[in-house]
Amino acid sequence: MVEHVLVAPDKFKGSLTAAEVAAAVAGALAVPAVELPVADGGDGTVDAAVACGFTRVTRTVTGPTGEPVEASYARRGDTAVVELAEASGLRRLPGGPEPLTATSHGTGELVADAVRQGATRVVLGLGGSACTDGGAGLVRALGARFLDAAGADLPPGGAALRDLERIDISGLLDLSAVEFVVASDVDNPLLGPHGAAAVYGPQKGAGPDQVRVLEAALSRLAAIATRTHGLVGAVEHDDRPRPMGVAGAPGAGAAGGVGFAALAFLHADLQPGIEYLLDLLGFNDLVRGARLVITGEGSLDEQSLRGKAPVGVAQAAAKAGVPVVAVCGRRTLSDADLQAAGITAAYALTDLEPDPGRCMAQAAALLRDLTARLAADHLA
């Protein structure tokens, strides 16, 4: 049997999807290649699943500011892959950040559709979110109600949760036969200096005063969820949340607190994003017999070392005893950093074209040239 090269890159954000990167690299190789676009749970997770044989399901759902958007999830058999960024991502904001009012409702609508279509396992990819609503929008789309002291439904968004008095789950969709998996490498709790509002709120446009509003709102959500939904340990008797229970669980702060909602209301299992998705996409079967794995992403930098796709691919390939090289748009990691992560060498588009604008505009052509250089070094 002829040994093959497994091409398993993430997207080059702003220029090429993971599938386009894989196609450009594989097309420039003179040896048999297998394409496996990958993702770590953020932007591009549905695209990667579709490229690996899942079916794309497109629905009109609620965007983060309430406007309708066309969003997709991926389905194969009884498994659905729902990417939060598809319906509730930063790229869905038509007029700029809305940190106090952005909602995760559309993601819940995708989950509800997948369950109604027969999915018994739902994989939630949490990354690139526009909202800090504690997942209230998601749970509301599944039939729950978030009520104020007068019994009225709260408006969407995180800030409104300051007025939360009761959570009514009597109308919640029957999810008893559904397994939920959260694919995320974020380990932040819901609250506190390392929580959803403090760490990620500014990335979504929240100023210091808005961060304080969102922190208070998420604290209220944790308190009321404990009192009315039986989440023992999320708060103590004085209604002040503590770093314990569901609110303090690693990953509860993912996607503006959607991680909290997934753990609390969906009883989800939190899994390392890239590790779980590689298994779901069949990496372990495809790496067998490979002579080389080529991975990559737009920027190989310090963030790459924190559970991003290329390092996850390298770790999985190492278990199979297959060497790994990477392609990228730009690279700031040293050779020592790369080798410590299990990557033998990395090739950047900026090695060929130093101008970032031209690099992004000509990414596919440059990537084919870069792959020829890589092949000469590692496949000769």
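These numbers come from a predicted model, not from an experiment.

Chemist: Kindly report on the sheet that holds strand β5 (residues 79-83), identifying the contributing residues and their values.
Modeler: Pairing in this open sheet of six strands is mixed, and the strands run β3-β4-β5-β6-β9-β10 from one edge to the other. The sheet is open, and its two edges are formed by β3 (55-62) and β10 (269-271), each paired on a single side. If you compare each strand with its neighbour and ignore which way they point, the axes differ by 25 degrees on average. With eight bridges joining them, β3 and strand β4 (residues 68-76) adopt antiparallel strand pairing. Paired with Thr55 across the bridge in β4 is Arg75. Packing against the sheet, helix α9 (residues 273-281) makes contact with β4, β5, β6 (121-125), β9 (179-183) and β10, and its axis sits at approximately 135 degrees to β6.

Chemist: How would you summarise the pattern of salt bridges if you had to cite specific residues and measurements?
Modeler: For the structure on display, the rule yields 14 salt bridges. One continuous salt-bridge network, built from bridges that share partners, spans Glu86, Arg91 and Arg92.

Chemist: Which residues make up the pairing of β6, and what values do they have?
Modeler: With four of its five residues buried, β6 lies for the most part within the structure. Relative to β6, β5 runs parallel, the two sharing five bridges. Along β6, the bridge assignment pairs Val81 with Val123. The sheet contact formed by β6 and β9 spans five bridges and is parallel. Directly across from Arg121, in β9, lies its bridge partner Glu179.

Chemist: Could you give an account of the sheet that holds strand β1 (residues 4-7), naming the residues involved and the relevant values?
Modeler: The five strands lie next to each other as β2-β1-β11-β12-β13, forming an open sheet whose pairing is parallel. Each edge of the open sheet is held by one strand with a lone partner, namely β2 (33-35) and β13 (345-348). Averaged over all pairs of adjacent strands, the angle between their axes in this sheet comes to 25 degrees, without regard to strand direction. Summarising the sheet, strand β12 (residues 324-331) and β13 pair through four bridges and their orientation is parallel. Of the residues in β13, the one forming a bridge with Val327 is Tyr347. Taken strand by strand, helix α11 (residues 309-319) contacts β11 (290-300) and β12, and its axis lies near 165 degrees from that of β11.

Chemist: Explain the environment of Glu70 to me, using residue names and the numbers behind them.
Modeler: Summarising the element assignment, Glu70 is placed in strand β4. C-alpha separation for the pair Glu70 and Arg92, spaced 22 residues apart in sequence, amounts to 9.8 Å. Not counting residues up to four positions away in its chain, the partners in contact with Glu70 are Thr58, Arg59, Thr60 and Arg92. Within polar-contact distance, the side chain of Glu70 engages the side chain of Thr60 at 2.2 Å.

Chemist: So what's going on with the packing of helix α1 (residues 18-27) against helix α14 (residues 363-378)? Residues and values would help.
Modeler: For the pair α1 and α14, interaxial distance at closest approach is 8 Å and the crossing angle is 45 degrees. Relative to α14, the element α1 is oriented oblique. Relative to α14, α1 is oriented so that their crossing is right-handed. Each of Val21, Ala24 and Val25 in α1 lies in contact with α14, whose residues at this interface are Ala364, Leu367, Arg368 and Thr371. Residue composition of the contact of α1 with α14, by class: five nonpolar, one polar and one charged.

What counts, and at which threshold
- Residues numbered from 1 in each chain as written.
- Predicted model: local features only at pLDDT ≥ 70, side-chain atom pairs only at ≥ 80, totals over all residues.
- Heavy atoms only, no water.
- Pairing = 2+ DSSP bridges.
- Helix = DSSP H or I, 4+ residues; strand = E, 2+ residues; numbered from the N terminus.
- Axes fitted to C-alpha atoms, helices over the stretch in contact; angles between N-to-C directions.
- Contact = heavy atoms within 4.5 Å.
- Salt bridge = Lys/Arg side-chain N within 4 Å of Asp/Glu carboxyl O.
- Buried < 20%, exposed > 50% of the residue type's maximum accessible area, 1.4 Å probe, protein only.
- Polar contact = N/O pair within 3.5 Å; in protein donor to acceptor, adjacent residues only side chain to side chain.
- Parallel < 35°, antiparallel > 145°, perpendicular 65-115°, else oblique.
- Left-handed = near helix turned anticlockwise from the far one by under 90°.
- Nonpolar A, V, L, I, M, F, W, Y, C, P; charged D, E, K, R; others polar.

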